[in-house]
Amino acid sequence: MDRVTNPYVPGAGRKPSALVGRDSTLKSWDVALRRAERGTTDQPFVLYGLRGVGKTVLLTQLRHDADKRDWMIVQIEGGTGRSLRELVGEGLYEPLSELNKPSRGRRFLKALATATSFKASYDSAGTWTFGLDLSGEASGGADSGVLETDLKKVIRDVSLAAGDAGVGLALLIDEAQDLSPSELTTLAVVSQAAAQDNWPVLFALAGLPSLPQTLAEAKSYTERFHFEHVERLTPDEARQAITLPAEAEGVEWSDDALGYVVKASGRYPYFIQQFGQETWNAADGSPIALPAAELGVAIGQQQLDNGFFRARWDRTTTTEKRYLRAMCPHGDSGVGSGAVAAKMGKSINATGPIRAKLIHKGLIYAPDHGVVTFTVPGMADFIERQLD
Ligand SMILES: Nc1ncnc2c1ncn2[C@@H]1O[C@H](COP(=O)(O)OP(=O)(O)OP(=O)(O)O)[C@@H](O)[C@H]1O
Ligand SMILES: [Mg+2]
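Definitions and cut-offs
- Residues numbered from 1 in each chain as written.
- Chains lettered and ligands numbered in written order.
- Predicted model: local features only at pLDDT ≥ 70, side-chain atom pairs only at ≥ 80, totals over all residues.
- Heavy atoms only, no water.
- Pairing = 2+ DSSP bridges.
- Helix = DSSP H or I, 4+ residues; strand = E, 2+ residues; numbered from the N terminus.
- Contact = heavy atoms within 4.5 Å.
- Axes fitted to C-alpha atoms, helices over the stretch in contact; angles between N-to-C directions.
- Core = buried A, V, L, I, M, F, W, Y, C linked by side-chain atoms within 4.5 Å.
- Buried < 20%, exposed > 50% of the residue type's maximum accessible area, 1.4 Å probe, protein only.
- Left-handed = near helix turned anticlockwise from the far one by under 90°.
- Domains from an automatic or database assignment.
- Buried area = accessible area lost by both parts, 1.4 Å probe.
- Salt bridge = Lys/Arg side-chain N within 4 Å of Asp/Glu carboxyl O.
- Polar contact = N/O pair within 3.5 Å; in protein donor to acceptor, adjacent residues only side chain to side chain.
- Nonpolar A, V, L, I, M, F, W, Y, C, P; charged D, E, K, R; others polar.
- Near = heavy atom within 4 Å.
- Phe/Tyr/Trp six-rings, centres within 6.5 Å; stacked < 30°, edge-to-face > 60°.

**Let's talk about the sheet that holds strand E7 (residues 364-365)**
The three strands are arranged E6-E8-E7 in an open sheet whose pairing can be described as antiparallel. Edge positions in the sheet fall to strand E6 (335-336) and E7, since each has one partner strand and no second. Pairing between E7 and strand E8 (residues 371-374): two bridges, direction antiparallel. The residue of E8 that forms the bridge with Tyr365 is Thr373. Across the sheet, helix H12 (residues 318-327) lies against E6, E7 and E8, angled at about 100° from E8, the strand it touches most.

In C-alpha cells:
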C-alpha cells in the first residue's frame, strides 16, 4: 500500500499515531498539574521500563499536557556528557524568555536574576540579560557552587514566578539513569523540598528499569515518588496500537494478520510500529491480509536486527559480547551473575567489571541482587542469531 500514508512510526521518541495504554499515567499527571496550580505539589513521577517500550513518547506527552496548561517547561536528557547544572541552566533560558512580558511583577524579576546567577555558576563567559536591567535585583545568589543549594534556589524562584502567573514549572528528565548518583541525590532533595513547601513545580524522570533502585540508593524518601512501570501493552492495547492508526486512513486489518503481528511483536511498542510499518508496505490493500503480515514481520525483523539491536551489539567489546552470550538464553527474564561467570569459565569477581561496563552502557541491569537481565526485549534471540 501507499508508503506516503503509512501511519506507523518506528524510531526512538517518535510520537505514535495512537498512544495507547497510558491513560492512567496521563490522568495522574493531569491531576498533579491541577493540584499544583491550586497550591499542592505532588511527588516526582518516575517512568521506568525497557528499551523501546515508550518512555520518551510518554514523557513528551506529559510535556504537551503541561504545555497545554501554559506551564513553564524544561526538558533535558541525561547521558549527554553535560552536567545537571548546565542542562537545567540552559533549559531555563527559553521558558523564562517566553514568560518575560513587561507586566511581570517583582517575583519574576527575582527569578530572572536568580537564573542569571545560576548561569554564571557554570559559564563565566556567557551571560543573560533578558533585555532588562537586573542590577537592582537582589544578587540572585544561585552561584554558591554547591549544586543542592543553587538548584534549590533557582527551582524555587522560577517556580514561584510561574506560580504568580497561575501556572507551574515542569522539569522533565529523560535517560535519568545516566545522571550521576550525586546529581540524582540532589534532584531527590530538591524535589522533596519542593513538595514540602508546595513550590509549584513537578518533576518527571524517565529511564531504564534500574532507575527506581538507583533513586532508592540515593535517598530513602524517594520511596514516596510516583513510580510508573512503563510496560509492554496488553493484548487489547496492542491490537488498538495497530488498528487505530490504520482506521484513521480508512484501512482495516484481517483478524489473522492482526493476531500474527501482535504475537510476533511480543506487544512491545517499538516492534509493533516496525512490523506495522513493513506489513502496511507489503499489503495489497484493505483489509490487510496474513501473507502481508508474514512478509512484514520478516522484513521488520531484519530492520530491527540491522538497527535497534545491531546499534547496541556494535557498541560492545569482544569480552562484553562473550558475557552477553553467556546470559543467553535466559537473559530476557533474568539470570544469576554467578551462572554467567561459570559459563564463561571465570570467577564472579573476574566478571564483575564486565558486568559493570554493560550496566553503564545501558545494555543490562540488575533487577535483583546477583541477577542480570537485558534492557532490550528480544536481545537474547538476536544474539543467538549472530555469528560474530
Ligand atoms: N503507547 C504506545 N502506543 C503505540 N506506540 C508506542 C507507544 N509508546 C511508544 N510507541 C512507539 O514505540 C517506539 C519507541 O518509543 P520510545 O522511544 O518512547 O521508547 P523508549 O522507552 O523511550 O525507548 P529507549 O529506552 O530506547 O529510549 C516509537 O516508535 C513509538 O512511536
Ligand atoms: Mg527513550
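After that view of the structure, there is still more to cover.
**Points about the nonpolar core**
Ranked by size, the top nonpolar core spans 114 residues in total, and within it Trp29, Leu151 and Ile155 carry the most contacts. Beyond its immediate sequence surroundings of up to four residues, Ile155 is in contact with Leu169, Leu171, Val190, Trp199, Val201 and Phe203.

**Concerning the packing of H12 against helix H13 (residues 337-344)**
Contact geometry of H12 with H13 gives a least axis separation of 9 Å together with a crossing angle of 115°. Both H12 and H13 take part in a crossing whose hand is right-handed. Touching Thr319, Arg322, Tyr323, Arg325, Ala326 and Met327 of H12 are Ser337, Val340, Lys343 and Met344, all from H13.

**Overview of the domain arrangement of the chain**
Reports often express the size of an interface as the amount of accessible area lost when the parts come together. When the domains of the chain are assigned, the result is domain 1 (23-229), domain 2 (233-312) and domain 3 (316-385). Between the C-alpha centres of domain 2 and domain 3 there is a distance of 30 Å. At the junction of the two partners, domain 2 supplies eight residues and domain 3 supplies eight residues. Its largest share of buried area at the contact with domain 3, domain 2 owes to Asp305, Phe309 and Arg312, together 68% of the area lost on that side. For the interface between domain 2 and domain 3, the tally reads one salt bridge. Where Asp305 meets Arg385, a salt bridge forms, and the shortest distance between an N and an O atom there is 2.8 Å. Where domain 2 meets domain 3, there are one residue pair in polar contact (both at pLDDT 80 or more). Per element, the largest residue contribution to the side of domain 2 that touches domain 3 is six residues, and it comes from helix H11 (residues 290-313). Grouping the amino acids of the side of domain 2 that touches domain 3 by side-chain chemistry returns four nonpolar, one polar and three charged.

**Re the site of ligand 1**
If you check the shell around ligand 1, you find 24 residues, and the closest are Val9, Gly13, Arg14, Lys55 and Thr56. Contact distances for ligand 1 include 2.7 Å between an oxygen atom and a backbone N or O atom of Val9. Here Gly54 contributes a backbone N or O atom positioned 2.9 Å from an oxygen atom of ligand 1. Secondary-structure elements contributing two or more residues to the shell around ligand 1 are helix H2 (55-68) and helix H10 (269-282). Among the residues making up the shell around ligand 1, the classes are represented as 12 nonpolar, six polar and six charged.

**Focus: the pairing of E8**
Direction of pairing for E6 relative to E8: antiparallel, over a ladder of two bridges. Bridge pairing in E8 places Gly336 opposite Val371. Connecting E7 to the next strand, E8, in antiparallel fashion are five residues, including Gly370 with a positive phi near 75°.

**What about the packing of aromatic side chains?**
With the rule as written, the count across this model stands at 14 aromatic pairs. Measuring from ring centre to ring centre gives 6.3 Å for Tyr8 and Trp280, while their planes differ by 70°; the resulting arrangement is edge-to-face. Of the two residues, Tyr8 sits in the segment before helix H1 (23-37) while Trp280 sits in helix H10, which places them 272 residues apart along the sequence. On the accessibility criterion, Tyr8 (1% relative accessible area) is buried. The exposure class assigned to Trp280 is buried, which follows from its relative accessible area of 2%.

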